[in-house]
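A structural walkthrough
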Amino acid sequence: LPEHSAVWHIFSAADTQRLAELLPTVLPGAAPSGSLLLDSPAYLSADTLASLERTAGVRPYIVLLAVGDVLLVPAGCAHQVAHLRPCVSVCAGFVAPEHVSHAARLS
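With that settled, the discussion passes to the pattern of salt bridges. Here the structure, examined in full by the defined rule, presents 2 salt bridges. With its nearest N and O atoms 3.6 Å apart, the salt bridge here joins R18 to E21. Placement of the pair is R18 and E21 together in helix α1 (residues 13-26), with a separation of 3 residues, close to one helical turn. In this structure, the salt-bridge partner of E53 is R59, at a minimum N-O distance of 3.7 Å. Classification of E53 by relative accessible area gives partly exposed; the value is 39%.

Shown next as structure tokens:
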């Protein structure tokens, strides 16, 4: 992957709740408090991702980014990123006024 600078795994919003239920068994002790999806420093390995797909049918979309690419992750989708080269990530949250109630349910 020499031309790519990052690999993203993005789970569908529909799988995010199931993933939250499965992660404590896959990554025991990864997030002692708070949200396992938001606060965990753990990265799901290829073996762990394969196990999640095999046992629970949970499979992420895989996105390869090149230098200068931009990715928008939909609200409610668990995700992880592996940087393959030195890079700068800029993250910003935005909630449109018509989706405030949905955002509140996710948090």
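Counting through the fold element by element, A6 comes out in strand β1 (residues 4-10). Judged by relative accessible area, A6 falls into the buried class, the value being 5%. Counting along the chain gives 81 residues from A6 to C87, while the straight-line C-alpha distance between them is 8.6 Å. With residues up to four places along the chain from it excluded, the contact list for A6 reads V63, L64, L65, V81, A82, H83 and L84.

Right, let's get into the environment of E3. Within the secondary structure, E3 is located in the segment before β1. The spatial distance from the C-alpha of E3 to the C-alpha of R85 is 9.7 Å, given a sequence separation of 82 residues. For E3, the contacting residues outside a window of four places in its chain are A66 and R85. Only 3.4 Å separates the side chain of E3 from the side chain of H4, close enough to count as a polar contact.

Should pLDDT be low for a region, the predicted coordinates there are not to be read in detail. For the chain, the average pLDDT comes to 82, and 85% of its residues sit at 70 or higher. Mean pLDDT per element in the chain: helix α2 (residues 36-39) is the minimum at 60, and strand β2 (residues 61-66) is the maximum at 94.

One open sheet accounts for 3 strands, arranged β2-β1-β3; its pairing is antiparallel. The strands lining the two open edges of the sheet, one partner per strand, are β2 and β3 (79-83). Neighbour to neighbour, the strand axes of the sheet diverge by 20 degrees on average, direction disregarded. Both β1 and β3 contribute to a ladder of 5 bridges, which runs antiparallel. By the bridge assignment, W8 is partnered in β3 with V81.

What counts and how
Residues numbered from 1 in each chain as written. Predicted model: local features only at pLDDT ≥ 70, side-chain atom pairs only at ≥ 80, totals over all residues. Heavy atoms only, no water. Salt bridge = Lys/Arg side-chain N within 4 Å of Asp/Glu carboxyl O. Helix = DSSP H or I, 4+ residues; strand = E, 2+ residues; numbered from the N terminus. Buried < 20%, exposed > 50% of the residue type's maximum accessible area, 1.4 Å probe, protein only. Contact = heavy atoms within 4.5 Å. Polar contact = N/O pair within 3.5 Å; in protein donor to acceptor, adjacent residues only side chain to side chain. pLDDT = per-residue confidence, 0-100. Pairing = 2+ DSSP bridges. Axes fitted to C-alpha atoms, helices over the stretch in contact; angles between N-to-C directions.

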